[in-house]
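Chain by chain, the residues:
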Amino acid sequence: MADLLFFMFATVAIGSAIGVVVARNPVGSLMFMVATLAAVAGIFVLLEAHFLAAIQVIVYAGAIMVLFLFVIMLLNLGHDYQRDVKGGVWSVMAFATTGGLAGLLVRQLGRSADSPAFLTGSGGDAIDAALAEYGAVGAIARPLFTDYVVPFELVGILLLVAIVGATVLAKKNV
Amino acid sequence: MITEALFVSALIFAIGTLGVIVRRNVIIMFLCIELQLNAVNLAFVAFSRSVGIEGQLFVFFVMTVAAAEAAVGLAIIISIFRHYESVNVDKFNLLKW
Amino acid sequence: MFFALQATTEGAHEWSPVLPGLVILLPLLGFVINGALALTHARRSADAVRAGGELDLAAGDRPLTHTLPTWIGPGVIGLAFLITVVNLVGMAGADLHEPIIRTYWTWIVTGSLTVDAAIQLDQLSMVMMLVVTGVGFLIHVFSVGYMKDDPGYPRYFAYLNLFIFFMLVLVMGAGYLLMFVGWEGVGLCSYLLIGYWFSDREKSDAGKKAFIVNRIGDLGFLVAMFFLFTTFQTLDFVEIFSAAPERIPYGHSVATIITLFFLLGAAGKSAQIPLYIWLPDAMAGPTPVSALIHAATMVTAGVYLVARSSVLFALSPIASATVAGIGVITALFAATIALKQYDIKRVLAYSTISQLGYMFLGVGVGAYTAGVFHLMTHAFFKALLFLGAGAVIHSVHHALHHTDKDWDAQDMRNMGGLRKHMPITWATMWIATLAISGIWPFAGFFSKDEIIWAAGAWAGAANAPYPTLYTVYWVLALVTALLTAFYMTRLMVMTFHGANRTGEKEAKHLRETPAVMWVPLAVLAALSVFGGWINVPAAISESFLGGFGFLPMGENFHHWLEPVMAGAHEIQAQHLGEISHQAPLFGGGELVWALASTGLAAIVVLIAARVVGGQKHVPAVDAAEPRGLGRVLYRKYYVDEAYDAVIVRPVHALSRFSWRFVDDVIIDGTVNMAGNLARAFGWVGSLFQTGQINTYAFIFTIGVLVILGWVAF
C-alpha cells in the first residue's frame, strides 16, 4: 500500500516538475509547482514527517505560491504565451549537463546503497518513538526549542529582515 | 523507501537545474530554484529516517529561508520589471563587463 | 742620500720613521682645500652666467680661488717631499733589512681575509716616494706657470693633489689590496686629467679610452689577487713574499698564472703591447699632466708592481721571459713609430712607451734593481722632456694666439729655430735628450746600459731557461737604443734648430718661459746629469767610464735595494747559476759593450742631426703625408685602425645585435608576449561574462559536475 502510494506521489512529483520547466504559461508553471509541492508533501507523510508535510502544504503551496501568483498577476504576465525556453545548442548542452548531474547523483546513491550504514541508521526508530510519545508537533518542537533554540531565533530575525527588505525594494521610488 | 525517495529527490533537483538554465522568464527561473530547494528538502526528510530528527529540523529552517528568499526575490523582480518593463533575463545584462 | 749609505752601515741603529702617514695625508689635504676652492669657483661662474655675464678672471685682482692653489697645490707636495727626505736620511742611517709596517686600522675583515690599512716603508717604496713627491713637486711648480690663465686652475690642482695622494697609496700600501686602491685611484685621476678640458669632445674621448683600456688591465690585477688569496690566504706583501719560495716550487704553474695576470694589469697601466694604445691619446691632457702621470709616475706603476712582486716573478721563468719579451718588443715597436711622428708630445709619448718597455725588459730579465733604476732616471729626464715640450707649446701657442693663426701649436713642423728664443729650454732639453739616448755620463747611460747588459748576461747564465730568446732580446734592446737616439735628436733638431717656420709676425712673440717654469727644468736637468751616478756598475767604475773611480757612488743603488730584492736574488742564484760576464754572440765584457753603446749612440745623434738638419721642412699645412714605410710609421702601424676593425667594430656590432635583436625582439618580445597572453586569456575569460544569469548557472552546473565527477571517480 505504502509503496503504491509512494510510486504515485513520486510519479506526480516528477511529472509536475517537468511541467514546471516546460509549461509555456507562467501560471501553468505555477500550478504544476503546487502539484509538485503537494506530491512531495505526500512523500513526507510516507516518511513519517507529518508536521513538515502540513507546513509544506500550508506555507509553501499555500502562502509562497500565492505570493508568486500575486506577482505574476501584478506584472500582468498571465496572458503572455511567448515562448521563453532557450533553444538549439543551448538546450542540448543544458540537457547534457543536467542529465550528467542526475546520472552522477543517481550513481552515487546506488553506490551508497552498497554501504548501507548511511541509509539504515536507527534514527527512524527514535523519530517513531518521539512521535508516539509527543505527537507529530511535539516530536519536532522539543529539539527545536531546546537544542536548536538559537538558530530558531536567528531565523526569526532573518524573516524580519526579509520583510523589511522586501518592503523597501518593492516601494515605487527606491 | 529512503533510497527511492533519494532517487526522486535527485531527479527533481536535476529538472530544477535544467529549468534555471533553459528558461528566460525570471519568475519561472525563480520557481525552478524553489523546485531545487524542495528536492533538497525531500532528501533531508529521507535521511531523517536514518539519521534522526535533525533532518526534519533542517527542512524547517530551509523552508523559513525559502520564504524569506521568496519575499525578497519577488520584490527584486518587481523592481527590475519596473525598470525594464520585462521579465526576460536576456535583457538584464548589466553584469557584462 | 744614497751615497751616505755605505759609510754609515757600521753605525746602524734602530730607526723609527717620522710621520710617514703625513706624507699620504698632506696631498689629500691639498685635494680637499683645492677641491673646495674649485667648487666655490664653479658656483661663482655659474652665478655669473646666470646673471647674464661671465666671470672675468683677467679683470683686476685674481680671486682667492685662483691665488690660494698656487701655494697650497705645490706646498703640500713640497712638505711631503721634505718629510720623505727626512725619512730617507733616517733609513739610510739605519741598517734596515725588514720593511717597517705602520698599521693604522683594520680595514676589512671577512671570512679568512683580513686587510689592514697599513703602509710599508722599505727601500723600494722610499725610492718611489722620492720620485713621486720630488718630481711631483717640480711639476706642480711648473704647473703654476703653465696653467696660470686657465679658468679651471683650482680644479686642476685638486686633481693633481689627488693623483699624488693615490700614487703614494699605491707605492706605500703594505698589501696588494691597498696597492689596488691606489692603482684604481691613479687611473681615475688620469681619466680626470686627460679629460681635463672636457668640453672638447676629442679630449674627453681620450680620457674614456684610457680609462676603458686600463679596465682590461685592472681585471688582470684583480684575478691575480684572487689567485694570490686562494694560494696564500692573505694579501700582505711581507707574508706572501716570505711564504712564496716554500709554498710554490720553482717554475710551478701557480706562480706563472699569478704573474701573467699581474703582467696583464701592469701592461695596462704601463702602456705595453697590446694595451699601449691609450697613452698616445692621453696627450690630450695638459702637458704637465703628461709629464707627471704619463711619463714619470703613474705609468711606471706596472714596473713597480713587477719589482715589488719580484719573488713571484723570479719563481716563474716563463712569466719573466714574457715580461721581458713584451717589454723589448714594445720598446722597439714604439721607437719605430716615434721616428715618424710630428706632434712633439706624441713623439714623447711613444718614447715613454719605448722606455717603459726597457723597464719591463729590465724586471723581466731579473734585473729588478736596474728596472727600478731606469724608472727613476727616466722620471727625471722624461719629466724634463715633457715639461720642456710644455714650455715650447706654451710659447708657440701664445705666439700663434697673438695673430690668431689657426695652426697646431704642438706640431714640430710649425716650430724650428726656437733655440734663440728659448735658450734655457733648449739647453735643458738637450741634456735630457742625451740622457735618454744613453750618452755618457748622463743618467740614462747608466740605467739603460745596465738593463741591456742584464739581458745579455741572462742569456749567458749557466742554467738560463731560454738563452736564444734572451739573446734576441739583447740585440733588439741595442737596436732600440740607437733608434731612441735618432728620434730624440730628430725632435730636438726639428724643434730648436734650423729656420723658424712659425711665421714672421708670430716669431716676434716667441718668449722664454718665466722662472717658475724654467727653474723646475733646470733642477730636472741637473738630476738627469747626476742621477745616474748613484749606480755605476762595478765593472766600469774604475775605468774611464766610471771616471776612474771619480764617480764615487759605486753600486749604491743596487745595495740600497738589496734588502727588498734579496728574496728574488736568492731564487735566481739557486736556479740560474752563474750569470755570464761575457756578452752573447760577440763576447766582450760589460765595459766594452758600455763603451760601444754610448759610442754608437753618439754617432747616431750626430748622424740624425745631419740628416734631419739637412732635410727641408715645411709647415704642417703645406706638408704632404709621408709615403711608403714612412706612412706606415706615421699612421702608427694602423694599430688603432686594426683594433677598431678587430675589437671595436665587432663589439659594436654585437652590442647592436644585443640591442636590436636580443633586447628589442627577444626580451621585449617575451615581456610583451606575457602582457599579450594575459590580455588574450582575459579576452577568452570575458567571453563567459555574458551578463546573463543562464550562462552563469550553466557554468556553475559544470563546476558542480566536475567536483561531483572528481568525488565519484
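Refer to the structure above for everything that follows.
Residues numbered from 1 in each chain as written. Chains lettered and ligands numbered in written order. Predicted model: local features only at pLDDT ≥ 70, side-chain atom pairs only at ≥ 80, totals over all residues. Heavy atoms only, no water.

S.K.: Any chance you could explain the overall build of chain C here in plain terms?
M.R.: Secondary structure summary: chain C contains 27 helices and two strands in total. Taking all 713 residues of chain C together, the buried fraction comes to 56%. The long-range fraction of contacts in chain C, counting pairs at least 24 apart against all pairs at least 6 apart in sequence, stands at 81%. Here chain C has roughly 28700 Å² of accessible surface; of this, 68% comes from carbon and sulfur atoms. (Helix = DSSP H or I, 4+ residues; strand = E, 2+ residues; numbered from the N terminus. Buried < 20%, exposed > 50% of the residue type's maximum accessible area, 1.4 Å probe, protein only. Contact = heavy atoms within 4.5 Å. Areas by Shrake-Rupley, 256 points an atom, 1.4 Å probe, with all protein chains shown as cover.)

S.K.: Would you explain the interface of chain B and chain A in this entry?
M.R.: Where the parts come together, the accessible area they lose is often given as the size of the interface. Between chain B and chain A, the residue contacts involve 67 residues of the former and 80 residues of the latter. Between chain B and chain A, the buried area comes to about 6700 Å², and carbon and sulfur atoms account for 80% of it. If you look at where chain B meets chain A, you find one salt bridge. Residue B:Arg49 pairs with A:Asp128 through a salt bridge whose shortest N-O separation is 3.2 Å. Of all elements in the fold, only helix H1 (2–22), helix H2 (26–51) and helix H3 (54–84) of chain B reach the threshold of two or more residues within the side of chain B that touches chain A. (Buried area = accessible area lost by both parts, 1.4 Å probe. Salt bridge = Lys/Arg side-chain N within 4 Å of Asp/Glu carboxyl O.)

S.K.: What is the right way to look at the interface of chain B and chain C in this model?
M.R.: In this complex, chain B contributes 13 residues to the contact, which on the side of chain C involves 11 residues. Roughly 960 Å² is buried in total at the junction of chain B and chain C, and carbon and sulfur atoms are behind 62% of that figure. Connecting chain B to chain C are zero salt bridges. Our count for the chain B to chain C interface comes out at three residue pairs in polar contact (both at pLDDT 80 or more). Of all the elements, H1(B) adds the most residues to the side of chain B that touches chain C, at four residues. (Polar contact = N/O pair within 3.5 Å; in protein donor to acceptor, adjacent residues only side chain to side chain.)

S.K.: Explanation requested: the pairing of strand E2 (residues 113–121) of chain C in the structure shown.
M.R.: Residues and elements named next belong to chain C. With seven of its nine residues buried, E2 lies for the most part within the structure. Here nine bridges tie strand E1 (residues 100–110) to E2, and the two strands are oriented antiparallel to one another. Of the residues in E2, the one forming a bridge with Ile108 is Val115. What sits between E1 and E2 in their antiparallel hairpin is a turn of two residues, with Gly111 showing a positive phi close to 60°. (Pairing = 2+ DSSP bridges.)

S.K.: Teacher, can you tell me more about the nonpolar core here?
M.R.: Among soluble globular proteins, nonpolar side chains are generally buried collectively. The biggest cluster of nonpolar side chains holds 194 residues, and the ones touching the most others in it are C:Tyr176, C:Phe262 and C:Leu312. Tallying contributions element by element places helix H16 (residues 368–402) of chain C first for this core, with 20 residues. Apart from the residues lying within four places of it in its own chain, the contact partners of C:Tyr176 are C:Phe221, C:Met225, C:Leu228, C:Leu235, C:Phe237, C:Ile240, C:Phe241, C:Phe262, C:Leu305, C:Ser309 and C:Leu312. Core analysis: the second largest hydrophobic core is formed by 77 residues, A:Leu47, B:Phe30, B:Val45 and B:Val89 among them. (Core = buried A, V, L, I, M, F, W, Y, C linked by side-chain atoms within 4.5 Å.)

S.K.: Sorry, what's going on with helix H27 (residues 693–712) of chain C here?
M.R.: Note on helix geometry: an α-helix contains 3.6 residues per turn, so any two residues three or four positions apart are oriented the same way. Residues and elements named next belong to chain C. Between the first and last C-alpha of H27 there are 28 Å, a value that for 20 residues agrees with the 28 Å anticipated at 1.5 Å per step. Buried within H27 we find Asn694, Thr695, Ala697, Phe698, Thr701, Leu705, Leu708, Gly709 and Ala712. Each buried residue of H27 sits inside an arc of 160° when the element is viewed along its axis, so together they form one side. Set apart from the buried face of H27 by more than 90 degrees, the exposed residues are Phe700, Val706, Ile707, Trp710 and Val711. (Expected span 1.5 Å × (residues − 1). Arc of directions from axis to C-beta.)

S.K.: Looking at this structure, I do not really get a nonpolar patch on the surface. What am I missing?
M.R.: A cluster of nonpolar residues, C:Leu654, C:Phe657, C:Phe661, C:Val665, C:Ile666, C:Ile667 and C:Val671, forms a patch on the protein surface that exposes about 640 Å² of accessible area. Looking at the element boundaries, C:Val665 is found in helix H26 (residues 639–688). (Patch = residues over 30% accessible without salt bridge, like charges linked within 9 Å, V, L, I, M, F, W, Y side chains within 5 Å.)

S.K.: When you look at the pattern of salt bridges in this model, what are you seeing that I'm missing?
M.R.: Oppositely charged side chains may form a pair once their charged atoms are brought near each other. One pass over the structure, following the stated rule, counts 14 salt bridges over all chains. Between B:Asp90 and B:Arg24 there is a salt bridge; the shortest N-O distance is 2.6 Å. Here B:Asp90 is found in the segment after H3, whereas its partner B:Arg24 is found in the loop between H1 and H2, with 66 residues between them in sequence. Residue B:Asp90 is classed as partly exposed on the basis of its relative accessible area, which comes to 26%. Connected through shared salt-bridge partners, C:Lys209, C:Asp281, C:Arg346 and C:Asp640 make up one network.

S.K.: Just checking my understanding: could you explain the side chain of C:Ser447 for this structure?
M.R.: Residues and elements named next belong to chain C. As for its placement among the helices and strands, Ser447 is situated in helix H18 (residues 443–459). According to the relative accessible area criterion, Ser447 is buried, its value standing at 0%. In contact with Ser447, other than residues within four places in its own chain, are Phe373, His374 and Thr377.

S.K.: Explain unusual backbone geometry to me, please; I cannot follow it from the model alone.
M.R.: Peptide bonds are, in most cases, trans, and in most cases residues other than glycine have a negative phi. Residue and element names in this part refer to chain C. Of note, the bond from Ile273 into Pro274 is cis; its omega dihedral lies within 30 degrees of zero at 5°. Among the secondary structure elements, Pro274 is positioned in the loop between helix H9 (253–269) and helix H10 (278–281). Here the bond from Trp440 into Pro441 is cis, since omega is 0°, no more than 30 degrees from zero. For Leu19, which is not glycine, the phi torsion reads 45° and is therefore positive. One can find Leu19 in the loop between helix H1 (4–8) and helix H2 (20–50). Leu19 sits in the exposed class, given a relative accessible area of 53%. If you check the backbone angles, Ala271 has positive phi at about 55° while not being a glycine.

S.K.: Help me understand the packing of helix H1 (residues 2–22) of chain A against helix H2 (residues 26–46) of chain A, please; the structure alone is not making it clear to me.
M.R.: Packed helices, taken two at a time, are described by their axes: the angle between them and the distance between them. All names here are of chain A. Where H1 meets H2, the axes come as close as 8 Å, and the angle between the chain directions of the two elements is 155°. When the interaxial angle is binned, H1 and H2 end up roughly antiparallel. Regarding H1 and H2, the two cross each other, and that crossing is left-handed. Along the contact surface, H1 presents Ala2, Leu5, Phe6, Phe9, Ala10, Val12, Ala13, Ser16, Ala17, Gly19 and Val20, while H2 presents Ser29, Phe32, Met33, Ala35, Thr36, Ala39, Val40, Gly42, Ile43 and Leu46. Taken together, the residues of the contact of H1 with H2 break down into 16 nonpolar, five polar and no charged. (Axes fitted to C-alpha atoms, helices over the stretch in contact; angles between N-to-C directions. Parallel < 35°, antiparallel > 145°, perpendicular 65-115°, else oblique. Left-handed = near helix turned anticlockwise from the far one by under 90°. Nonpolar A, V, L, I, M, F, W, Y, C, P; charged D, E, K, R; others polar.)

So yeah, pure geometry; function would need other evidence.
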